[in-house]
Amino acid sequence: MSKPQEILYVVSLLTNTAVGEMLDEMLPMEELYPTSYFDKDDDIARMSLYYETEAERDEVQGRLENALENWASFIDTDEVDLIAQEVLREDWSETWKKFFHTVKVSDRIVIKPSWEEYEIQEADEVVLEIDPGMSFGTGNHGTTKACLQFIDEASAVQQGMSFLDAGCGSGILSLAADRLSCAPVEAFDYDPEAVDCTRRHFEDINALDRINVFQADLTTLDLGKQYDIIAANILAPVLLGASDKLMKHLKTGENSRLILAGILTEQYPEIKSHFESLGLTELRSAQIDEWTSGVFKF
């Protein structure tokens, strides 16, 4: 007798890429971390959340409906379709093989899924093997790409720079910093589910002994130490409200870097001006899709 195939219960938001990029940043505010797919050619974005039970899925669907009502003044929610369905676990796994492929996101960082082969092109390349999961990001989002590029550049200034991932989400920035020889590497998030997810993933790839992952709130953060590089991929209002905490934890040396992301392009001038008023200078910024990210130094 054949074994019944496992069912996953899914709720998805289907929209255009412009709205999708914004939703992908806003959903973590609701402690929801979707697996996202963006097709720029056809202007389609799909953000999906997967659950083991129908009750879990239905509860999250209700939260999404309320969130979309609250966000109607920020984004065009009329362009968002909310879809609930069931998929076979095997089908879900195979579907991602069509969409997720190896990509070089910076001078040294290459992201690849386990099912694709990749031959190192340059001696200093770092390959992050990441399979899309129910909660683990793939590095495709514009703010994540910018952060990875800035981390690559900042960590190349000198060996063994300390690194703090403020609002780590799924932990991809910390993983990159670790592979680029930053040490120590520490990461925190306000959401305990994000912390648990990141710890499980790092444990699976034997990185948990090198990367310290913990729960904390940036607005009350006091770790009693400072870091060479801080990456904060967090929405603009939080960056402004917690700027004193970020500055308190950033070393004042010539090589120190503060990476700020999660910022809509129209919000970036205010962020830049605010942090420069605190004694920092923008080294450079990068606009990818609807988002602008920047790296700053003293």
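Structure: see above.
Since this is a predicted model, take the numbers as computed values, not measurements. (Residues numbered from 1 in each chain as written. Predicted model: local features only at pLDDT ≥ 70, side-chain atom pairs only at ≥ 80, totals over all residues. Heavy atoms only, no water.)

Engineer: Now, about the overall build of the protein: what can you tell me, with residues and values included?
Structural biologist: If you tally the helices and strands in the protein, you get nine helices and 14 strands. Taking 2.2 N^0.38 as the reference for a compact globule, 298 residues should give roughly 19 Å; the C-alpha atoms of the protein span a radius of gyration of 19 Å, in line with that estimate. With respect to the three principal axes, the spread of C-alpha positions in the protein is 65 × 45 × 35 Å. With 298 residues in all, the protein has 51% of them scored as buried. Here the contacts in the protein between residues at least 6 apart in sequence split such that 66% fall between residues at least 24 apart. Carbon and sulfur atoms form 45% of the exposed surface of the protein, whose accessible area is close to 13,900 Å². Computed over 24 positive and 57 negative side-chain charges, the separation of the two mean positions in the protein equals 7 Å. (Helix = DSSP H or I, 4+ residues; strand = E, 2+ residues; numbered from the N terminus. Rg over C-alpha atoms; globule rule 2.2 N^0.38 Å. Buried < 20%, exposed > 50% of the residue type's maximum accessible area, 1.4 Å probe, protein only. Contact = heavy atoms within 4.5 Å. Areas by Shrake-Rupley, 256 points an atom, 1.4 Å probe, with all protein chains shown as cover. Lys, Arg positive; Asp, Glu negative; His and termini not counted. Charge placed at Lys NZ, Arg CZ, Asp CG, Glu CD.)

Engineer: Tell me what's going on with the side chain of Ser 106, and back it up with residues and numbers.
Structural biologist: Looking at the element boundaries, Ser 106 is found in the loop between strand 5 (103-104) and strand 6 (109-112). Among the residues examined, Ser 106 registers a relative accessible area of 11% and is labelled buried. Within the local environment of Ser 106, its side chain forms a polar contact with the backbone nitrogen of Ile 109, the two atoms lying 3.1 Å apart. Side-chain polar atoms of Ser 106 contact the side chain of Asp 152, separated by 2.6 Å. Leaving out residues up to four positions away in the same chain, Ser 106 has contacts with Leu 148, Gln 149 and Asp 152. (Polar contact = N/O pair within 3.5 Å; in protein donor to acceptor, adjacent residues only side chain to side chain.)

Engineer: Mind laying out the environment of Ser 256, listing which residues take part and the relevant values?
Structural biologist: Mapped onto the elements, Ser 256 comes out in the loop between helix 8 (243-248) and strand 12 (257-261). A relative accessible area of 2% means that Ser 256 is categorised as buried. Along the backbone, Ser 256 and Thr 35 are 221 residues apart, and their C-alpha atoms lie at a distance of 33 Å. Residue contacts for Ser 256: discarding those within four places in its chain leaves Asp 228, Leu 250, Lys 251, Phe 296 and Lys 297.

Engineer: Kindly report on the packing of aromatic side chains, identifying the contributing residues and their values.
Structural biologist: For the structure on display, the rule yields two aromatic pairs. For the pair Phe 275 and Phe 296, a centre-to-centre distance of 6.5 Å together with 40° between the ring planes defines the contact as tilted. One end of the pair, Phe 275, is in helix 9 (residues 268-277); the other, Phe 296, is in strand 14 (residues 291-297), and 21 residues separate them in sequence. When sorted by exposure, Phe 275 lands in the same class as Phe 296, which is buried. (Phe/Tyr/Trp six-rings, centres within 6.5 Å; stacked < 30°, edge-to-face > 60°.)

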